[in-house]
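# Coordinate analysis (summary)
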Amino acid sequence: MIALPQSSPRPGSAILGLGAYEPSRVISNDQMCQWIDSSDEWIRQRTGIVERRWAEPHETILAMAASAAQRALDHAGLTGDQLDGVIVATVTHLEQTPALAVRLAGALGCGPCPAWDISAACAGFCYGLAQADALVRSGVLGHVLVVAGDRLSDMTDLTDRSTAFLFADGAGAAVVGPSPSPRIGPVVWGSDPAQGPTIGQTLDWAEAVSQGRPAHLRMDGQPVFRWATTAMADATRRIMADSGLTPDQLDLFVPHQANNRITDSMLRHLRLPESVQVARSIQRLGNTSASSIPLAIDQLYRAGQVKEGATCLMVGFGAGLVYAGQVALLPAPATPARDQNQSPAAPERPAAPATEPPTLPHQQ
Ligand code: ACO
């Protein structure tokens, strides 16, 4: 029997750098109410959103992804040519092929590394992180860039009062590389096809082209809301259990920024200690799909709320319905508080954390 050679597994992988890009155009709730019959008060009460950011024409998904990726590379102290793989999670790259990841690899000067897109809606960042972690730990790839980028404004129907106020644009990125111990925990992920009809497109691309009309996102908000509050609290419990962490060992909780009331409901189910910092970036950024988790982590960095080795539980969910989440131990901040959309300064890399952070178990 022939035995084929295998790559040599590594002891672990880690997030070495994070970056994000927030588009420049700010849309307040009052501006939103020019287009839909709603009010600032209703939107704040029902979702927590105060304003959202939409990309200008020059802020393409590629441009936003490249900015976020460059910041993550700077944070990791790496350059594009040191990457061995590029994964992009997006649902608004409007071309079926080629993959956006290949263009991004070109823009970053990566050389001929593997590059591919994944479609996992608002769970896309956690799906990409799970793939990168597995590929690095198995020894298949060295340093892998995971980017989540979407322009949901391109797919938003400004006359649809059930969705228009929610969606927004942005990009976030992480560089994953080898680590002497596991710093990305086991992924908990899945899909629920029975919930498929709750979120979708008004037209498929072929219909949109033949009818000369744009395809918009449509959503049946209430069933998604009900599903998210129970299924995502359960997924969060499983993520914590599989990572071997107790709630008091958690520093940051970063759920997908879909609705502050969903986050509140999850917190009621989970009873996390007050010491856990909970991401609320939806207030300023709206629902930015897959990029909402790295954008939220970026905000926490800039607010000085992330220390070296912080235990961060992420959980994303969205159209499919699909979900994914894991715990990661975060890298030290690049600077004490960095400005968004500014390249962080060269990363300070402490020789060793004062106290050894918890070690996360491998995914078998
Ligand atoms: N402004 C004012 N009133 C409104 C608006 C609006 N924009 N939209 C609906 N209403 C009214 C309705 O007509 C209804 O009035 P009625 O009671 O007189 O009949 C009332 O407000 C309540 O409407 P609901 O649809 O029940 O509002 P709900 O509280 O469910 O909030 C929302 C809607 C915010 C969409 C919520 O259902 C939600 O957040 N769902 C989950 C979204 C989500 O998590 N999506 C997943 C990811 S998205 C992705 O994958 C891209």
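Note that the coordinates shown come from a computational prediction; the quantities given were computed from them, not determined experimentally. (Residues numbered from 1 in each chain as written. Predicted model: local features only at pLDDT ≥ 70, side-chain atom pairs only at ≥ 80, totals over all residues. Heavy atoms only, no water.)

### Quick word on the packing of aromatic side chains
We apply this condition: Classification of ring pairs rests on two measures: the distance between centres of Phe, Tyr or Trp rings, Trp counted by its six-membered ring, which must be within 6.5 Å, and the angle between planes, read as stacked under 30 degrees, edge-to-face over 60 and tilted in between. Numbering of helices and strands runs from the N terminus, with a helix taken as a DSSP run of H or I at least four residues long and a strand as a DSSP run of E at least two residues long.
Applying the stated criterion to the full structure yields five aromatic pairs. Aromatic side chains W42 and F165 sit 5.4 Å apart centroid to centroid with 90° between the ring planes, which places their arrangement in the edge-to-face category. With W42 in helix 2 (residues 40-47) and F165 in the loop between strand 6 (144-151) and strand 7 (169-179), this pair connects stretches of sequence that are 123 residues apart.

### Concerning the site of the ligand
Stated precisely, the cut-off is as follows: Only a single heavy atom is needed: when it lies within 4 Å of a molecule or strand, its residue is near that molecule or strand. Polar contacts, as counted here, are pairs of nitrogen or oxygen atoms within 3.5 Å of one another; within protein the pair requires one atom able to donate a hydrogen and one able to accept it, and residues that are adjacent in sequence qualify only if both atoms are side-chain atoms. Both cavities and pockets are sets of points on a 1 Å grid over the protein atoms alone; in a cavity a 1.4 Å probe fits but cannot get out, in a pocket the set is open with protein on both sides within 12 Å along at least five of seven lines, and lining residues sit with an atom within 4 Å of a point. Just a note on the criterion: a molecule sits in a pocket or cavity if more than half of its atoms are within 2 Å of the grid points. Domain start and stop positions are those given by an automatic or database domain assignment.
The full set close to the ligand counts 26 residues, and S38, R46, R161, Q222 and N259 are the nearest of them. A distance of 2.8 Å separates a nitrogen atom of the ligand from a polar backbone atom of R161. Between the ligand and G221, the relevant distance is 3.1 Å, taken from a nitrogen atom to a main-chain nitrogen or oxygen of the residue. When atoms are counted within 2 Å of each cavity's grid points, the one that captures over half of the ligand is the largest pocket. Among the elements of the structure, helix 2, helix 7 (221-242), helix 8 (260-270) and strand 13 (311-318) are those that each provide at least two residues to the shell around the ligand. With four residues, helix 7 is the largest single contributor of residues to the shell around the ligand. When residues of the shell around the ligand are sorted by domain, at least three fall in each of domain 1 (12-179) and domain 2 (188-329).

### Brief notes about the packing of helix 3 (residues 61-76) against helix 4 (residues 100-107)
Convention followed: Angles run from 0 to 180 degrees between N-to-C directions of axes, and those axes are lines fitted to C-alpha atoms, restricted for helices to the stretch in contact. Every angle not falling under 35 degrees, over 145, or within 65 to 115 is termed oblique; those three ranges are roughly parallel, roughly antiparallel and roughly perpendicular. What makes a crossing left-handed is the near helix being turned counterclockwise from the far one by less than a right angle; a clockwise turn instead makes it right-handed. Whether two residues are in contact is decided by their heavy atoms: any pair within 4.5 Å suffices.
Running from N to C, helix 3 and helix 4 cross one another at 55°; their axes reach a closest spacing of 10 Å. Judged by the inter-axis angle, helix 3 sits oblique to helix 4. As helix 3 runs across helix 4, the sense of the crossing is right-handed. Residue-level inspection shows I61, L62, A65 and A66 of helix 3 in contact with helix 4, the latter providing L100, R103 and L104.

### Considering the pairing of strand 1 (residues 12-21)
Short version of the rule: Accessibility here uses a 1.4 Å probe with only protein chains present; expressed as a share of the type maximum, an area under 20% marks a residue as buried, one over 50% as exposed, and anything in between as partly exposed. Criterion used throughout: strands pair if DSSP finds at least two bridges between them.
Taking burial as the measure, the 10 residues of strand 1 include 10 buried ones, the bulk of the element. Sheet analysis places strand 1 next to strand 7, joined by nine bridges and oriented antiparallel. Along strand 7, the bridge assignment pairs I15 with V176.

### Concerning the pattern of salt bridges
The cut-off we apply is this: Here, a salt bridge means any Lys or Arg side-chain nitrogen found within 4 Å of an Asp or Glu carboxyl oxygen.
Under the counting rule described, the total for this entry stands at 13 salt bridges. Salt-bridge contacts for R302 lead to E22; the nearest nitrogen and oxygen are separated by 2.9 Å. Here R302 is found in helix 10 (residues 292-302), whereas its partner E22 is found in the loop between strand 1 and strand 2 (25-28), with 280 residues between them in sequence. When sorted by exposure, R302 lands in the same class as E22, which is buried. Close ionic contact of D264 with R280 constitutes a salt bridge, the shortest N to O distance being 2.8 Å. Of this pair, D264 sits in helix 8 while R280 sits in the loop between strand 12 (277-278) and helix 9 (282-285), and the two are 16 residues apart along the sequence.

### Examining helix 4
Convention followed: Note: the arc covers the axis-to-C-beta directions of the helix.
Taken together, the buried positions of helix 4 are occupied by L100, A101, L104 and A105. The buried residues of helix 4 occupy one face: seen down the axis, they fall within an arc of 140°. Residues of helix 4 that are buried make contact with helix 3, strand 4 (85-89), strand 5 (115-118) and strand 6. Looking at the residues trailing helix 4, positive phi occurs at G109, about 70°.

### Section: the side chain of D169
So the rule is basically this: When charges are counted, Lys and Arg are positive and Asp and Glu negative, with His and the chain ends excluded.
If you trace the backbone, D169 turns up in strand 7. Buried charged residue D169 carries no salt bridge. Nearest counter-charge: R151, at 5.2 Å.

### Here's the deal with the pairing of strand 6
Most of strand 6 is tucked away, with eight of its eight residues classed as buried. Relative to strand 6, strand 4 runs parallel, the two being bridged by five bridges. By the bridge assignment for strand 6, V86 is matched with L145. For strand 6 and strand 7, the ladder comprises eight bridges, and the chain directions are antiparallel. Residue pairing for strand 7: L145 is matched across the bridge by V175.

### Section: the sheet that holds strand 6
The sheet built from five strands is open, its strands ordered 1-7-6-4-5 with mixed pairing. Only two strands of the sheet have a single neighbouring strand rather than two, namely strand 1 and strand 5. Averaged over all neighbouring strand pairs, the angle between strand axes comes to 20°, with direction disregarded. Relative to strand 1, helix 3 is tilted by about 130°, and along the sheet it contacts strand 1, strand 6 and strand 7.

### Let's talk about the domain arrangement of the protein chain
As a reminder, the rule being used: Summed over both partners, the accessible area lost on bringing two parts together, with a 1.4 Å probe, is the buried area.
Domain boundaries in the protein chain define domain 1 (12-179) and domain 2 (188-329). Each of domain 1 and domain 2 was reduced to a C-alpha centroid, and the two centroids are 14 Å apart. Each partner contributes to the interface: domain 1 provides 47 residues, whereas domain 2 provides 43 residues. For the pair domain 1 and domain 2, the summed buried area comes to about 3600 Å², and 64% of that belongs to carbon and sulfur atoms. When residues of domain 1 are sorted by the area they lose upon contact with domain 2, C122, C126 and M155 head the list and together hold 18% of the total. In this assembly, domain 1 and domain 2 are joined by three salt bridges. The interface formed by domain 1 and domain 2 holds 14 residue pairs in polar contact (both at pLDDT 80 or more) in total. Of all the secondary-structure elements, those providing two or more residues to the side of domain 1 that touches domain 2 are strand 1, helix 2, strand 3 (51-54), helix 5 (124-137), strand 6 and strand 7.

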